[in-house]
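Chain by chain, the residues:
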Amino acid sequence: MLLPVESILDGTWASGDAPAEWADFILMRRMHWSWDDLQQTPLYVRRYALDFLGLIAEQEEQENERARREADRRMR
């Protein structure tokens, strides 16, 4: 399991969707859910939550990139 996680994190994962365990981990970590919380959450809610977390992460990445570009411009 360690190698798939490393490839997911470094962006080299090329085997389709990430393993279901990865989605479970992300939801539990980001939503502060226990295993029982996760199991009691309907699948469609898990999917929405995971999608929303992905959108938030993309937005944060874009904002960070803009801030880096702005900082680079100021340093010139």
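Anyway, here's the lowdown on the structure attached to this text. Here the residue numbering is sequential within each chain, running from 1 through the sequence in written order. Where totals are concerned, whole chains, interfaces and linings use all residues; where local detail is concerned, this predicted model gives features only for residues with pLDDT of at least 70, and gives and counts side-chain atom pairs only at 80 or more. Side-chain metrics in this entry use all non-hydrogen atoms of the structure; hydrogen atoms and water are not considered.

### Overview of unusual backbone geometry
Backbone geometry follows two general trends: most residues other than glycine have a negative phi, and most peptide bonds adopt the trans configuration. Residue His 32 is not a glycine yet carries a positive backbone phi of 60 degrees. Strands are runs of DSSP state E lasting at least 2 residues, helices are runs of H or I lasting at least 4, and numbering of each runs from the N terminus. Residue placement: His 32 occurs in the loop between helix H2 (20–31) and helix H3 (35–40).

### A word on the side chain of Asp 24
Structurally, Asp 24 is set in helix H2. Buried charged residue Asp 24 carries no salt bridge. Nearest counter-charge: Arg 46, at 4.0 Å. Setting aside its immediate chain neighbours within four residues, Asp 24 contacts Trp 35, Leu 38 and Arg 46. A simple rule labels every residue: compare its accessible area, found with a 1.4 Å probe on the protein chains alone, to the largest value its type can have, and call it buried under 20%, exposed over 50%, or partly exposed in between. Neither His nor the chain ends contribute to the count of charged residues, in which Lys and Arg are positive and Asp and Glu negative. Salt bridges are identified by distance alone: a Lys or Arg side-chain nitrogen within 4 Å of an Asp or Glu carboxyl oxygen. The criterion used for residue contact is that any of the two residues' heavy atoms lie within 4.5 Å.

### A word on the packing of aromatic side chains
Two rings from Phe, Tyr or Trp (for Trp, the six-membered ring) form a pair when their centres sit within 6.5 Å of each other. Planes less than 30 degrees apart are called stacked, planes more than 60 degrees apart edge-to-face, and all others tilted. Per the counting criterion, the structure on display carries 3 aromatic pairs. Members of the aromatic cluster, joined through ring pairs, are Tyr 44, Tyr 48 and Phe 52.

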